[in-house]
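What follows is each chain in one-letter form.
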Amino acid sequence: DVAERRLTIPMLAIASLSLVQSQMIPLGDFFKFFISFLAQSQSFKTTLTSLFFDFESGRKADINFDSTESALIRIIGQKRDAVCIVDDLKPASTATMKKVLLSKIEKIIRMCADDSNGIQRAGRKNSTFSNRATGIVVITAEEIPITVYSSLARLLILEMNRKSVYKEKLTYFQDKHSLYK
């Protein structure tokens, strides 16, 4: 009961499903989209997602949207049977920044939901490699700048606000994380 049940029930399901994601991929029946916790700044999105999905300490995200695209690919690709938390998708202040953010989001979508089984290697015929995520990706965001419906269809958006989170319980469970990890 650290947040409203409309948030905690999907979060528990995502955490459980993430533990078997890599075994489901070869079967073709796997979680083919990613999740976004959407709320204004200072609404405890990162704190809440870290508590549920950072199995080690319950206090940190894996990577931030300010990181390079190659760093995002590397960190997401290294997660296996776990949730990768990509933190802090903020509104872009310029057209160039918006283009960069959209490129990062599209890359995440392809890693999580693309059924192409890889992309063509530069300069090699009939050679592909896979950037498929073997975990589940969760992003925290203030807004989702995606306008393409096929991309939006691969995104589960959970909207929240400051009142969605019970701060005292959240703090308690963060402090007692070692008891239930």
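Criteria and thresholds
- Residues numbered from 1 in each chain as written.
- Predicted model: local features only at pLDDT ≥ 70, side-chain atom pairs only at ≥ 80, totals over all residues.
- Heavy atoms only, no water.
- Axes fitted to C-alpha atoms, helices over the stretch in contact; angles between N-to-C directions.
- Helix = DSSP H or I, 4+ residues; strand = E, 2+ residues; numbered from the N terminus.
- Parallel < 35°, antiparallel > 145°, perpendicular 65-115°, else oblique.
- Left-handed = near helix turned anticlockwise from the far one by under 90°.
- Contact = heavy atoms within 4.5 Å.
- Patch = residues over 30% accessible without salt bridge, like charges linked within 9 Å, V, L, I, M, F, W, Y side chains within 5 Å.
- Areas by Shrake-Rupley, 256 points an atom, 1.4 Å probe, with all protein chains shown as cover.
- Salt bridge = Lys/Arg side-chain N within 4 Å of Asp/Glu carboxyl O.
- Buried < 20%, exposed > 50% of the residue type's maximum accessible area, 1.4 Å probe, protein only.
- Lys, Arg positive; Asp, Glu negative; His and termini not counted.
- Pairing = 2+ DSSP bridges.
- Core = buried A, V, L, I, M, F, W, Y, C linked by side-chain atoms within 4.5 Å.
- Disulfide = S-S within 2.5 Å.

Student: So what exactly am I meant to see when it comes to the packing of helix H3 (residues 45-53) against helix H7 (residues 167-175) here?
Tutor: Each pair of packed helices gets described by two things: the angle between the helix axes and the distance between those axes. With their axes 11 Å apart at the nearest point, H3 and H7 run at an angle of 40 degrees to one another. Classed by the angle they form, the pair H3 and H7 counts as oblique. As for the relative orientation of H3 and H7, their crossing is left-handed in sense. The residues of H7 that touch H3, namely those facing Thr-47, Leu-48 and Leu-51, are Leu-170, Phe-173 and Gln-174.

Student: Would you mind showing me how to read a nonpolar patch on the surface here?
Tutor: Residues Tyr-172, Phe-173, Leu-179 and Tyr-180 make up a contiguous nonpolar surface patch of about 440 Å² in total accessible area. The set of elements that each furnish at least two residues to the nonpolar patch consists of H7 and helix H8 (177-180). As for its placement among the helices and strands, Leu-179 is situated in helix H8.

Student: Help me understand the environment of Ile-105 in this model?
Tutor: Residue position: Ile-105 is located in helix H5 (residues 95-113). Along the sequence, Ile-105 and Leu-72 sit 33 residues apart, while their C-alpha atoms lie 10.0 Å from each other. When residues no more than four places from it in sequence are discounted, the contact partners of Ile-105 are Phe-34, Phe-65, Leu-89, Pro-145 and Ile-146.

Student: What am I meant to see in the pattern of salt bridges here?
Tutor: In a structure, side chains of opposite charge can pair up when their charged atoms sit close to one another. Using the criterion set out here, one finds 5 salt bridges in the structure. Asp-1 is the salt-bridge partner of Arg-5, the closest N and O atoms lying 4.0 Å from each other. Take Arg-5 and Asp-1: they sit in the same class, and that class is exposed. Its salt-bridge partner being Asp-175, residue Arg-59 comes within 2.9 Å of it at the nearest N-O pair. One end of the pair, Arg-59, is in the loop between H3 and strand E2 (63-64); the other, Asp-175, is in helix H7, and 116 residues separate them in sequence. With relative accessibility at 52%, the residue Asp-175 sits in the exposed group.

Student: Explanation requested: the side chain of Asp-87 in the structure shown.
Tutor: Tracing the sequence through the fold places Asp-87 in strand E3 (residues 80-89). For the buried Asp-87, no salt bridge exists, and the shortest N-O distance to an oppositely charged side chain is 6.7 Å, to Lys-45. The residues touching Asp-87, leaving out its near neighbours within four places in the chain, are Thr-46, Ala-61, Ile-63, Asn-64, Phe-65 and Thr-140.

Student: Sorry, what's going on with the sheet that holds E3 here?
Tutor: One key point about sheets: their strands pair by backbone hydrogen bonds, in either a parallel or an antiparallel sense. Read across the open sheet, the 5 strands follow the order E2-E3-E6-E1-E7; overall the sheet is parallel. Strands with a single pairing partner mark the edges of an open sheet, and in this sheet they are E2 and strand E7 (155-159). Pairing of strand E1 (residues 34-38) with E7, which is carried by 5 bridges, proceeds in the parallel orientation. Along E7, the bridge assignment pairs Phe-34 with Leu-155. The strands that helix H4 (residues 69-78) touches are E2, E3 and strand E6 (134-141); relative to E3, the one it contacts most, it runs at about 150 degrees.

Student: Would you explain the nonpolar core in this entry?
Tutor: Soluble globular proteins tend to pack their nonpolar side chains together in the buried interior. Counting 23 residues, the largest nonpolar core has Phe-34 and Val-86 as its most contacted members. If you list the elements that add at least two residues to this core, you get E1, H4, E3, H5 and E6. Considering every element that reaches this core, the biggest residue donor is H5, with 6 residues. The residues touching Val-86, leaving out its near neighbours within four places in the chain, are Ile-63, Phe-65, Leu-72, Ile-76, Val-137, Val-138, Ile-139 and Thr-140.

Student: Honestly, the state of the cysteines in this entry has me stumped. Any pointers?
Tutor: Structurally, a disulfide amounts to a covalent bond that connects the sulfur atoms of two cysteines. For the coordinates displayed, the defined rule picks out 0 disulfides. Left without a disulfide partner, Cys-84 is nearest to the cysteine sulfur of Cys-112, which lies 8.7 Å away.

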